[in-house]
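Each chain is listed here by its residues.
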Amino acid sequence: MAPRTGCVFLVGAGCGSSDLITRRGWQLLQTCDTVVYDDLIAADLPAAAPPKAERIYVGKRCGRHSALQKRISALLVEKARQGRRVVRLKGGDPFVFGRGGEEILALQEAGIPYEEVPGICSAIAIPAAAGIPVTHRGQSQSFHVITGHTADSADGLPDSMDTLARLPGTLVFLMGLHNLPKIVSRLTAAGKTPTTPAAVVSGGNAPFPAAVRGTLDNIVQKTQKAGVQAPAIIVVGAVAAMDLSPTIFRPLRGVRVGVTGTPAFSQKLSALLREQGAAAVSMGSAVCEALPLSFLLSSLADGSCHWIVLTSANGVHFFWEQMKLQNLDIRQLSFCKFAVIGAATGTALRQYGISADLCPAEYSSRALAQALCDTVKPEEDIFLFRSADGAAILPQMLRDHSLVCREFPLYRLVSQSGEPSFSVPLQYLTFASASGVQFFLNTHQKIPLHTTCVCIGDSTGAALRQFGVSAFLTAEKATAESMVQAICKDRAQKQPR
């Protein structure tokens, strides 16, 4: 029987944080088999695909020949013919200088089912984020989106530049930073007055955000002085002098924070960071892989009091998966007591109808160990279920207090495919566990330059010290909310008064 043909969705990712993608695009991303993605999309979007989804990075196309585009189109056809549901993720909108049309023509020729899902176009979104509306009553009743770089003319600009210069409204040039002097020269030569307002904006997911305002007679010099780097958008017209920038205070506006950890925690932390104005940059996700458990959980149902210790929400879920696999009814564990490391783990446990008997006031391995040492009776034993990469301090402290502790790994962290980017400057890099530190540094060998690490607790900090990192922030509580608070506090202290 012939293999089932898959399909391809060309999805516009919008401009900026991942929550600017359309609801339709997000749903498709969460149900795809393969995601093929570009530069200039929110770095945490590929991680939103299912854990087992294939992630293929095809970005960094600047300076390469169009043959690469043919290879990308061929890749989409190949994956669809393998029966895969493919999301082709593009920054902005696929049909606005995104070469989405070329990819669809290739899919049409190959007979592959496809659909285009619009995204917020950079020609509108990037100026808007800088407070520049492309239209405004009494200022501009139209706008024109123009390529700032083409191979079809002598000077790299469209032949229609003279006509464009005489049009009313706003001119928006994409991919034109290198040709900015030529654009200004062509426009003024065609009749645009030198005092016409102009702006150059690099934003969204560009690595070096900047916004420069001026007029045609000084915008080149101002842009060069500001050191604006590509990609950038050029806006020409009366609206370029306007500033409708948002005034809602967000303490981390303009700050880039690298996020590590499992997809569930990373998504929660990223949402909290975005609420404070930060750009959350995924530095590669680790997914939890279940490990076989040789221990019979039914041995805990012998009528004796045993302590079951769970140190993460992931551990709770994997423990209950083992309960189901071994056909064990929770009522059989009625004599057991449960201890958790913090509120988040306790919340996960309550989802299964169990309230923790012990949760330390301080959410750390050391605090949990001390609480157990103060609570567990000598005749009671402890069963520790957690990650294979868990910190050694917890079982060691228990044994130092002559308590019987048996440790069972339920899962381990494994790399989730995708390409984390070190090309963008980061002000902060977050770690949610000691195993996360080990996983990250074993993979990447270094902390990005000029980046402050943020730890969720003391065990995470201890893991950083083992790798030679001595200066970092530590959250007051082992929660995503507390990590964000630590970053906000540090950022406020660094701001000039």
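Everything below is about the structure printed above this text.
Here is what the cut-offs are and how they apply
Residues numbered from 1 in each chain as written. Predicted model: local features only at pLDDT ≥ 70, side-chain atom pairs only at ≥ 80, totals over all residues. Heavy atoms only, no water. Helix = DSSP H or I, 4+ residues; strand = E, 2+ residues; numbered from the N terminus. Buried < 20%, exposed > 50% of the residue type's maximum accessible area, 1.4 Å probe, protein only. Contact = heavy atoms within 4.5 Å. Areas by Shrake-Rupley, 256 points an atom, 1.4 Å probe, with all protein chains shown as cover. Axes fitted to C-alpha atoms, helices over the stretch in contact; angles between N-to-C directions. Parallel < 35°, antiparallel > 145°, perpendicular 65-115°, else oblique. Nonpolar A, V, L, I, M, F, W, Y, C, P; charged D, E, K, R; others polar. Core = buried A, V, L, I, M, F, W, Y, C linked by side-chain atoms within 4.5 Å. Patch = residues over 30% accessible without salt bridge, like charges linked within 9 Å, V, L, I, M, F, W, Y side chains within 5 Å. Salt bridge = Lys/Arg side-chain N within 4 Å of Asp/Glu carboxyl O. Disulfide = S-S within 2.5 Å. Pairing = 2+ DSSP bridges. Arc of directions from axis to C-beta. Phe/Tyr/Trp six-rings, centres within 6.5 Å; stacked < 30°, edge-to-face > 60°.

Novice: Explanation requested: the overall build of the protein chain in the structure shown.
Specialist: Helix and strand counts for the protein chain stand at 15 helices and 19 strands. The burial tally for the protein chain puts 51% of its 497 residues in the buried class. Pairs at least 24 residues apart make up 68% of the contacts formed inside the protein chain by residues separated by at least 6 positions. Accessible area for the protein chain stands at about 23,600 Å²; split by element, carbon and sulfur atoms hold 53% of it.

Novice: Looking at this structure, I do not really get the packing of helix 13 (residues 434–444) against helix 14 (residues 458–466). What am I missing?
Specialist: The axes of two packed helices give the description: the angle between them and the distance between them. Running from N to C, helix 13 and helix 14 cross one another at 30°; their axes reach a closest spacing of 7 Å. It follows that helix 13 is roughly parallel to helix 14 by the angle criterion. Between helix 13 and helix 14, the contacting residues are A434, V437, Q438 and L441 on the first element and S459, T460, A463, L464 and Q466 on the second. Class assignment for the residues of the contact of helix 13 with helix 14 results in 5 nonpolar, 4 polar and no charged.

Novice: Can you help me understand the side chain of T345 in this one?
Specialist: With respect to the helices and strands, the residue T345 is situated in helix 10 (residues 343–350). Judged by its relative accessible area of 4%, T345 falls in the buried class. Apart from the residues within four sequence positions on either side, T345 is in contact with L310, T311, S312, A313, V316 and V340.

Novice: What is the right way to look at the nonpolar core in this model?
Specialist: Side chains of nonpolar character tend, in soluble globular proteins, to be buried together. L297, L300, I308, F319 and F385 are the most contacted members of the largest nonpolar core, which has 24 residues in total. Where this core is concerned, the elements lending two or more residues are strand 13 (306–310), helix 9 (313–325), strand 14 (337–340), helix 10, strand 15 (381–387) and strand 16 (405–415). Top contributing element to this core by residue count: helix 9, with 5 residues. Setting aside its immediate chain neighbours within four residues, F385 contacts L293, F295, L297, L300, I308, V309, L310, T311, F319, F408 and L410.

Novice: Help me understand the environment of A43 in this model?
Specialist: As for its placement among the helices and strands, A43 is situated in the loop between strand 2 (34–37) and strand 3 (54–57). Between the alpha carbons of A43 and G12 there is a distance of 14 Å; along the sequence they are 31 residues apart. When residues no more than four places from it in sequence are discounted, the contact partners of A43 are V281 and S282.

Novice: Explain a nonpolar patch on the surface here, please?
Specialist: Nonpolar side chains collect at one region of the surface, where F97, I124, F143, V145 and M175 lie side by side and expose about 410 Å² of accessible area between them. Turning to its location among the elements, I124 is positioned in helix 4 (residues 122–129). The partly exposed category is assigned to I124, whose relative accessible area is 39%.

Novice: I'm lost on the state of the cysteines in this one. Help?
Specialist: When the sulfur atoms of two cysteines share a covalent bond, that bond is a disulfide. As enumerated under the stated definition, the model contains 0 disulfides in all. As a non-bridged cysteine, C373 has C405 as the owner of its nearest cysteine sulfur, 9.7 Å distant. Accessibility expressed as a relative area gives 15% for C373, which makes it buried. Looking at C488, it has no disulfide partner, and the nearest cysteine sulfur is the one in C455, 17 Å off.

Novice: How should I be thinking about the sheet that holds strand 2 in this particular structure?
Specialist: Backbone-to-backbone hydrogen bonds join strands into a sheet, with any given pair of strands oriented parallel or antiparallel. If you walk across this open sheet you meet the 5 strands as 3-2-4-1-5, and the pairing is parallel. The two strands at the open ends of the sheet, each matched to only one other strand, are strand 3 and strand 5 (114–117). Across the sheet, the axes of successive neighbouring strands diverge by a mean angle of 15°, strand direction being ignored.

Novice: Mind showing me how you'd approach the pairing of strand 15 here?
Specialist: For a regular strand, side-chain orientation follows a simple rule: the groups alternate between the two sheet faces. Across the 7 residues of strand 15, 7 count as buried, placing the element largely inside the fold. Sheet topology places strand 13 next to strand 15; 5 bridges connect them, and they run parallel. Counted as the bridge partner of L310 is F385 from strand 15.

Novice: Would you mind going over the pattern of salt bridges with me for this structure?
Specialist: Once their charged atoms are close, side chains differing in charge can pair, the charge on each being opposite to the other. Within the structure shown, the criterion is met by 17 salt bridges. Residues R186 and D155 are paired through a salt bridge, measuring 2.6 Å at the closest nitrogen-oxygen approach. With R186 in helix 6 (residues 180–189) and D155 in the loop between strand 6 (143–147) and helix 5 (161–166), the pair connects residues that are 31 residues apart, well separated along the chain. Taking the relative accessible area as the measure of exposure, R186 reaches 21% and is therefore partly exposed. Given a relative accessible area of 24%, D155 falls into the partly exposed group. Here the salt bridges share partners, and the residues they tie into one network are D38, R88, K90 and E103.

Novice: I would appreciate a short explanation of helix 10 in the present structure.
Specialist: Residue pairs spaced three or four apart in an α-helix point in one direction, given the helix's 3.6 residues per turn. All of the buried residues along helix 10 are T345, G346, A348 and L349. The buried residues of helix 10 all sit within an arc of 160° when viewed along its axis, so they share a single face. Buried residues belonging to helix 10 abut strand 13, helix 9 and strand 14.

Novice: Help me understand the packing of aromatic side chains, please; the structure alone is not making it clear to me.
Specialist: Any two aromatic rings considered together are summarised by their centre-to-centre distance and by the angle between their planes. Here the structure, examined in full by the defined rule, presents 13 aromatic pairs. For the pair F295 and F408, a centre-to-centre distance of 4.5 Å together with 25° between the ring planes defines the contact as stacked. Highlighted residues: F295 in the loop between strand 12 (279–290) and strand 13 and F408 in strand 16, separated in sequence by 113 residues. The residues F295 and F408 share a single accessibility class, namely buried. Taking the centre distance of 5.1 Å and the plane angle of 15° together, the rings of F318 and Y411 count as stacked. Linking F318 in helix 9 with Y411 in strand 16, this pair joins segments that are 93 residues apart in sequence. Residue class for F318 comes out buried when judged on its relative accessible area of 16%. Residue classification places Y411 among the buried residues on the basis of a relative accessible area of 6%.

Novice: Would you mind going over the sheet that holds strand 9 (residues 210–215) with me for this structure?
Specialist: If you trace the 5 strands from one edge of the open sheet to the other, you get 6-7-10-8-9, paired in mixed fashion. Of all the strands in the sheet, the pair left with one neighbour each is strand 6 and strand 9. Mean inter-strand twist for the sheet, computed between neighbouring axes without regard to direction, equals 15°. Note: strand 6 against strand 7 (residues 170–174), 5 bridges, orientation parallel. Across the sheet, residue I146 finds its bridge partner in strand 7, namely F173. Against the sheet, helix 4 engages strand 6, strand 7, strand 8 (197–202) and strand 10 (233–236), with an angle of about 80° to strand 10. Along the sheet, helix 7 (residues 219–226) makes contact with strand 8 and strand 9, crossing strand 9 at roughly 155°.

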